[in-house]
Amino acid sequence: MKTAFSKMVVAPPGPKAQEIIQKEKNYIPRSACSSTPLVWKEAYGATIIDVDGNEYIDFTSGILVSNVGHSHPKVVAAIQEQAGKFLNSYDSSHHLRAELAEKIVNLFPEELNRVLLLTTGSEAIEAAIKFARAKTGKSEIISFHGSFHGRTHLTMSLGGIKKVKSGCGPQASNILHVPFPYPYRCTFSQPHDQCDEHTLQYMEQILHTASTGNIAAVIMESYLGSGGCVVPSVKFVQGVREFCDRHDILLIMDEVQAGFGRTGKMFGFEHYGILPDLVCLAKGISSGVPTSAVVGRDSIMDHLPPGTMTSTYGGNPLSCAAAMATIDVIVEERLPERAARLGERMAQRFQTLVEKYRIIGEARSIGLVSGIEVVKSREGREPDPETARAIAMQAIHLGLAVIAPTGLHGNVLRLMPPLVIEEEALEAGLDLLDEAISIVLNGGLHDH
Ligand SMILES: Cc1ncc(COP(=O)(O)O)c(C=O)c1O
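Residues numbered from 1 in each chain as written. Predicted model: local features only at pLDDT ≥ 70, side-chain atom pairs only at ≥ 80, totals over all residues. Heavy atoms only, no water.

1. As for the sheet that holds strand β11 (residues 360-366)
So, point 1. Spatial ordering of the open sheet is given by β11-β12-β14, a layout of three strands whose pairing is antiparallel. Strands at the two margins of the open sheet, each flanked by one partner only, are β11 and β14 (412-415). Geometrically, the sheet is characterised by an average inter-axis angle of 15° between neighbouring strands, direction not taken into account.
So, point 2. The sheet contacts of helix α12 (residues 335-356) involve β11, β12 (369-374) and β14, and relative to β11 the element is tilted by about 175°. (Pairing = 2+ DSSP bridges. Helix = DSSP H or I, 4+ residues; strand = E, 2+ residues; numbered from the N terminus. Axes fitted to C-alpha atoms, helices over the stretch in contact; angles between N-to-C directions. Contact = heavy atoms within 4.5 Å.)

Okay, here's the thing in structure tokens:
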């Protein structure tokens, strides 16, 4: 199928792409090599152009970073302007850091009045745990099965996906994992509406069993991202907040994937009517110049003495310029509202796919991020990672950029276009996805 928003001139990886992939393989460890054949050359808005001239509709947002679209002119201009002035001041003050801090804090309810600027999502998670432990004087952290918080020692240990940490030696201590309510595959074999309740009861139980009575914080994503786009209910998240309040435990929300409009609200926690104590931000905050942040209450974040929690590149001028321009675009272009509106359309189209293809067990969305659970059979719900991967590869061949399937079993196709995607491009991308599924079910890869 041809679309007005994609153009395939050679099957990916084309000759130039193959050369680059091979060179990377010669020097970069396997753990960091790309698992799709798309080798980027340029990207604008919701279009990615590869090194061989193929043009793709982007359903990745560069893994949820480019919420405002690739190379947004205002973001590019801000970076260019700042690059000619100064790039580094270590942690000395500068006006951009002060202005960005104010801008970020103003996006939050008034109780959350401090922000620490850092560089990566993992660094923000590490910092939030450090703040929580320092403030409470306690050390245990509750985290969820299927969660993803990064790949450093502490963050992989916090995560609940075996693949990320398997074979990597002893994990960080004092982490208590509990099931996440994943009704399609409920740990407690309960129907949808009761999966939440059982999980909350389980959390109470571990207070008297696995825990030594020393719990500093619960850390949770506002939807399980890498775990397969599993969206918790309002009742569950409110239940977690109440659990924390009852037992004097801090609640840390990992908004690294959910933040900056992706879910249809500026931050994912806003869907649940709760206020976290600490919030971790990254990815969509600055459109690709490495930036992350922890936002929280001054009573928690001012607890650590000067010099004990900062970082060389945190709040560097280039990140600040990129983040300020990005946030301005998100607000000016009302991107959270746009994500909610386009997300509804995407969810409707997925329901059509669920009806059409029996290999789709369930489609889940929140705003403009979705997960399609690919299964061997509707009845048995057995995960089918091979078919999921074949669909992803076929989609790329057709001109739809997607990431490799994720989820606990590697069988969830995750789709997340930039929030600025044109409606017609969104529809065209969904048509390509439909075609990719159909081709795979009829026997496999067809080059276009
Ligand atoms: C929910 C979540 N938390 C934390 C991280 C870690 O971020 P980074 O890769 O920037 O360290 C990620 C990265 O994908 C993430 O999705």
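That covers the picture; the talk isn't over yet.
2. Some points on the nonpolar core
So, point 1. Counting residues in hydrophobic clusters, the biggest one holds 110 residues, and the most contacted among them are Ile104, Val218, Val240, Leu281 and Ile372.
So, point 2. When residues in this core are grouped by element, the largest group, ten residues, is from helix α14 (residues 423-441).
So, point 3. Those residues in contact with Val218, other than ones at most four positions away along the chain, are Ile142, Phe144, Met203, Val240, Phe243, Cys244, Ile249, Leu250, Leu251 and Ile252.
So, point 4. Counting 27 residues, the second-largest nonpolar core is a separate cluster that includes Leu116, Ile125, Ala217 and Leu278. (Core = buried A, V, L, I, M, F, W, Y, C linked by side-chain atoms within 4.5 Å. Buried < 20%, exposed > 50% of the residue type's maximum accessible area, 1.4 Å probe, protein only.)

3. Let's talk about the pairing of β11
So, point 1. By the criterion of burial, β11 is predominantly enclosed, with six of the seven residues buried.
So, point 2. Two elements, β11 and β12, share six bridges in a ladder whose sense is antiparallel. Directly across from Ala363, in β12, lies its bridge partner Ile372.
So, point 3. Hairpin remark: β11 followed by β12, antiparallel, with two residues in the connecting loop; positive phi at Gly367, about 60°.

4. Examining the state of the cysteines
So, point 1. All told, the structure shown has one disulfide when counted by the stated rule.
So, point 2. Linked covalently through their sulfurs, Cys186 and Cys195 form a disulfide whose S-S length is 2.5 Å. Between Cys186 and Cys195, the disulfide has an S-S torsion of 100° and is therefore right-handed.
So, point 3. On the basis of relative accessible area, Cys186 is assigned to the buried category, the value being 11%.
So, point 4. Residue class for Cys195 comes out buried when judged on its relative accessible area of 1%.
So, point 5. You can see Cys33 has no disulfide; the closest cysteine sulfur is in Cys168, sitting 17 Å from it.
So, point 6. You can see Cys280 has no disulfide; the closest cysteine sulfur is in Cys244, sitting 14 Å from it. (Disulfide = S-S within 2.5 Å.)

5. Describing helix α11 (residues 317-332)
Because the α-helix completes a turn every 3.6 residues, residues three or four places apart line up on one side.
So, point 1. Under the 1.5 Å per step criterion, the end-to-end length of α11 is 22 Å for 16 residues, consistent within 8% with the ideal 22 Å.
So, point 2. Burial analysis of α11 places 13 of its 16 residues in the buried class, which makes it a mostly covered element.
So, point 3. Backbone nitrogen of Leu318 and a side-chain oxygen of the N-cap are separated by 3.1 Å at the start of α11; the cap is Asn316.
So, point 4. Of the residues one or two after α11, Arg334 is the one with positive phi, at around 50°. (Expected span 1.5 Å × (residues − 1). Polar contact = N/O pair within 3.5 Å; in protein donor to acceptor, adjacent residues only side chain to side chain.)

6. Some points on the site of the ligand
So, point 1. Inspection of the region around the ligand gives Thr120, Gly121, Ser122, Phe148, His149, Gly150, Glu221, Asp254, Val256, Gln257 and Lys283 as its neighbouring residues.
So, point 2. Take Ser122: an N or O atom from its side chain is 2.5 Å from an oxygen atom of the ligand.
So, point 3. Take Gln257: an N or O atom from its side chain is 2.8 Å from an oxygen atom of the ligand.
So, point 4. Protein chains shield 84% of the accessible area of the ligand, which is 390 Å² for the free molecule.
So, point 5. Counted by class, the shell around the ligand contains two nonpolar, six polar and three charged residues. (Near = heavy atom within 4 Å. Areas by Shrake-Rupley, 256 points an atom, 1.4 Å probe, with all protein chains shown as cover. Nonpolar A, V, L, I, M, F, W, Y, C, P; charged D, E, K, R; others polar.)

7. Comments concerning the packing of aromatic side chains
So, point 1. For the structure shown, the criterion picks out eight aromatic pairs.
So, point 2. Taken together, a centroid distance of 4.3 Å and an interplanar angle of 20° make the contact between Phe108 and Phe267 stacked. Of this pair, Phe108 sits in the loop between α4 (95-105) and β4 (114-118) while Phe267 sits in the loop between β8 (250-254) and β9 (278-281), placing them 159 residues apart in sequence. Of the two residues, Phe108 and Phe267, neither departs from the other in class, the shared state being buried.
So, point 3. Within the aromatic cluster, the residues linked to one another by ring pairs are Phe108, Phe260, Phe267 and Phe269. (Phe/Tyr/Trp six-rings, centres within 6.5 Å; stacked < 30°, edge-to-face > 60°.)

8. Looking at the environment of Ser61
So, point 1. Take Ser61: it is sitting in helix α2 (residues 61-64).
So, point 2. In contact with Ser61, other than residues within four places in its own chain, are Ser66, His70, Arg262, Met416, Pro417 and Pro418.

9. Focus on the pattern of salt bridges
So, point 1. The full count for this structure, using the stated rule, is 21 salt bridges.
So, point 2. Between Lys85 and Glu81 there is a salt bridge whose closest N-O contact spans 2.8 Å.
So, point 3. Relative accessible area serves as the criterion here: at 52%, Glu81 is assigned to the exposed category.
So, point 4. Among the salt bridges present, the one from Glu362 reaches Arg364, with a minimum N-O distance of 2.7 Å.
So, point 5. Through salt bridges with shared partners, a single network forms among Arg185, Glu362, Arg364 and Glu373. (Salt bridge = Lys/Arg side-chain N within 4 Å of Asp/Glu carboxyl O.)

Any functional reading would require information that these geometric values do not contain.
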